[in-house]
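Chains, contacts and geometry: an overview
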Amino acid sequence: MSLVIVGSLAFDTIETPFARRERVIGGSATYCALAASFFTSPKIVGVVGRDFPPAILRFFKSRRIDTQGVEIRPGKTFFWEGRYGYDPNMRETLKTELNVFQDFQPELPPSYRRANIVFLANIDPDLQERILSQIQSPALVAMDTINFWIAHKPDPLWRVMGQVDIFFANEEEIKMLTQETNLIRAGKKVLAKGPRLVIVKKGEHGALLLTRDFVFGVLGHPCEDVVDPTGAGDSFAGGFLGYLDRAGKLSRSEIRRAAVYGSVLASFVIEDFSIERLKTLRRKDIEERFNEFRRLVSF
Ligand code: AMP
């Protein structure tokens, strides 16, 4: 199979109650592709400015990530600044600068157009829709978003949602989007619009998978020190979709396993700032933690 990921490649400034990091590497496509690369060779679509370090693009390639769909343009790379409170599930966006993403009009390379799985990671919903229309007949389409787009572009967002199979959101975002306070009710509202599966990420506590006829819960790894929660959602999606791409099957049991891999990848990312933990992570660490997850819930 093959997996195409469209999303942001970014510089992030992150503040937690304990530390601050300026202009570190981030972006929804960055986290997602690196997480997926432990299972498959994802293809990414995005744009960066001339200020983006070529070493990071080389690092992607060393992880067998196809970067043919990444444009390098004059101008500045997307920038995001966020602040976390003592509760790492609560974050505030302080700045979003779209920069080169502002007028990005990608034409997908031919090999991308034949993708089986497409992930529309967090980015402008109009751009998500334009990319999706270029893919010939994907077997599975998933999307994610963030409160910035829920606030600025709700109509295009609902429109894209009608064209996807899986909708990822964190708890705060899905409640904001549906204007519901109850998660199950919020999930049902999204399911009524088209997606077959809604995955609600609950930060360090795991995720809830909702379909019209089954609910499945995944725990988060018990982690005492959440260093930087940024990218947890994208890494969850990367682990989930990367595993499904490699499994080549979309059965319920594979979806459950994929969700555990998603949670495992997210649990590693939050152990350090930016993509640092993804640089040192090895496949055997992932398998060990996957087995720990199994022990955590068997009784
Ligand atoms: P996550 O923590 O998984 O929800 O995603 C965090 C990443 O999303 C950060 O690395 C940011 O660069 C990126 N990001 C934040 N806001 C936006 C936005 N409005 N559009 C696209 N990407 C964003």
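Structure report, in brief. (Residues numbered from 1 in each chain as written. Predicted model: local features only at pLDDT ≥ 70, side-chain atom pairs only at ≥ 80, totals over all residues. Heavy atoms only, no water.)

**What about the packing of helix α4 (residues 125–132) against helix α6 (residues 154–161)?**
Two packed helices can be described by the angle between their axes and the distance between those axes. Let me state the cut-off plainly: Only C-alpha atoms enter the line fits that serve as axes; for helices the fit covers just the stretch in contact. Angles between N-to-C directions range over 0 to 180 degrees. Here a strand is any run of E in DSSP of at least two residues, a helix any run of H or I of at least four, and the numbering for each starts at the N terminus. Roughly parallel refers to an angle under 35 degrees, roughly antiparallel to one over 145, roughly perpendicular to one between 65 and 115, and oblique to any angle outside these ranges. We call a crossing left-handed when the near helix sits turned anticlockwise from the far one by less than a right angle, and right-handed when that turn is clockwise. Whether two residues are in contact is decided by their heavy atoms, any of which lying within 4.5 Å being enough.
The contact between α4 and α6 brings their axes to 8 Å, and the two run at 30°. One element, α4, and the other, α6, form an angle in the roughly parallel class. Crossing of α4 against α6: the hand is left-handed. Contacts between α4 and α6 pair Pro125, Asp126, Gln128 and Glu129 from the former with Pro156, Leu157, Arg159 and Val160 from the latter.

**Let's talk about the nonpolar core**
Keep this limit in mind: What we call a nonpolar core is a set of buried Ala, Val, Leu, Ile, Met, Phe, Trp, Tyr and Cys residues that are connected through their side-chain atoms within 4.5 Å. The classification of residues rests on relative accessible area computed with a 1.4 Å probe and restricted to protein chains. Under 20% of the type maximum is buried, over 50% is exposed, and intermediate values are partly exposed.
If you look at the biggest cluster of nonpolar residues, it comprises 63 residues, and the most contacted ones within it are Ile5, Phe168 and Phe240. Residue contributions to this core peak at ten residues, all from helix α10 (residues 252–269). Beyond its immediate chain neighbours, meaning those up to four positions away, phenylalanine 168 contacts Phe119, Ala142, Met143, Asp144, Thr145, Ile199, Lys201, Phe236, Ala237, Phe240 and Leu241. Counting residues in each nonpolar core, the second largest holds 46 residues, with Leu132, Met143, Trp149 and Val198 among its members.

**Considerations on the sheet that holds strand β7 (residues 91–97)**
Definition in use: A pair of strands is considered paired only if DSSP assigns at least 2 bridges between the two.
An order of β3-β2-β6-β7 is seen for the four strands of this open sheet, with the pairing classed as mixed. Each edge of the open sheet is held by one strand with a lone partner, namely β3 (20–26) and β7. Strand-to-strand, the axes of this sheet are offset by a mean angle of 20°, without reference to chain direction. As paired strands, strand β2 (residues 10–15) and strand β6 (residues 78–84) are joined by six bridges and run parallel to one another. Counted as the bridge partner of glutamate 15 is arginine 83 from β6.

**Examining α4**
Applied cut-off: Arc definition: it is the arc formed by the directions from the helix axis to the C-beta atoms. Under the rule applied, a polar contact is a pair of N or O atoms within 3.5 Å (in protein, one hydrogen donor and one hydrogen acceptor; residues adjacent in sequence only if both atoms are side-chain atoms).
Regarding α4, the residues found buried are Pro125, Leu127, Gln128, Ile131 and Leu132. Mapping the buried residues of α4 onto a view down its axis gives an arc of 155°, with all of them on the same face. Against the buried residues of α4 lie β1 (3–6), β4 (43–49), β8 (117–120), β9 (140–143), α5 (147–152) and α6. One side-chain oxygen of the residue at the start of α4 lies 2.9 Å from the amide nitrogen of aspartate 126, identifying that residue as aspartate 124.

**Here we look at the site of the ligand**
Stated precisely, the cut-off is as follows: Summary of the distance rule: residues count as near a molecule or strand when at least one heavy atom falls within 4 Å of that molecule or strand. Values of accessible area rely on a 1.4 Å probe in the Shrake-Rupley scheme; residue burial ignores everything except the protein chains shown. In this analysis a 1.4 Å probe is tested at points of a 1 Å grid over the protein atoms alone, and where it fits but cannot get out there is a cavity; an open set with protein on both sides within 12 Å along at least five of seven lines is a pocket; lining residues have an atom within 4 Å of a point. Think of it this way: if more than half of a molecule's atoms are within 2 Å of a pocket's grid points, that molecule is in the pocket or cavity. Each residue is assigned to one of three groups, with Ala, Val, Leu, Ile, Met, Phe, Trp, Tyr, Cys and Pro labelled nonpolar, Asp, Glu, Lys and Arg labelled charged, and all others, Gly among them, labelled polar.
If you check the shell around the ligand, you find 20 residues, and the closest are Asp12, Gly27, Arg91, Gly231 and Asp234. Contacts to the ligand include glycine 27, whose backbone N or O atom sits 2.7 Å from an oxygen atom. Within the backbone of glycine 231, one N or O atom sits 2.7 Å away from an oxygen atom of the ligand. Summarising the interface, the protein chains cover 97% of the accessible area of the ligand, which totals 510 Å² for the free molecule. Put simply, the ligand lies in the largest pocket. At the level of secondary structure, the elements contributing two or more residues to the shell around the ligand comprise β2, β6, β7, α5 and α9 (232–247). Among the elements that take part in the shell around the ligand, α9 stands out by supplying three residues, more than any other. Looking at the shell around the ligand, its residues break down into nine nonpolar, eight polar and three charged.

**Regarding the packing of aromatic side chains**
The cut-off we apply is this: Only the six-membered ring of Trp is used, alongside the rings of Phe and Tyr, when aromatic pairs are assigned; centres must lie within 6.5 Å, and planes under 30 degrees apart are stacked while those over 60 apart are edge-to-face, with the rest tilted. Look at NZ for Lys and CZ for Arg. If either is within 6 Å of the ring centre and within 35 degrees of the ring normal, a charge sits over the ring.
For the coordinates displayed, the defined rule picks out 13 aromatic pairs. Note on phenylalanine 78 and phenylalanine 101: the rings are 6.1 Å apart at their centroids and 90° apart in plane angle, and the pair reads as edge-to-face. Pair noted here: phenylalanine 78 is in strand β6 and phenylalanine 101 is in the loop between β7 and α3 (110–113), with a separation of 23 residues, a long-range link. Of the two residues, phenylalanine 78 and phenylalanine 101, neither departs from the other in class, the shared state being buried. Relative to phenylalanine 236, the ring of phenylalanine 168 has its centre 6.3 Å away and its plane inclined at 70°; by these criteria the two rings are edge-to-face. In this pair, phenylalanine 168 sits in strand β10 (residues 166–170) while phenylalanine 236 sits in helix α9, placing the two residues 68 residues apart along the sequence. A residue is classified by how much of its surface remains accessible, and phenylalanine 236, at 3% relative accessible area, is buried. Ring pairing ties together the aromatic residues Phe39, Tyr243, Tyr261 and Phe290, which thus form one cluster. Cation over ring: arginine 23 sits above phenylalanine 11, and NZ or CZ is 4.3 Å from the ring centre. In this arrangement the basic side chain of lysine 193 is found over the ring face of tryptophan 158, its NZ or CZ atom lying 5.7 Å from the centre.

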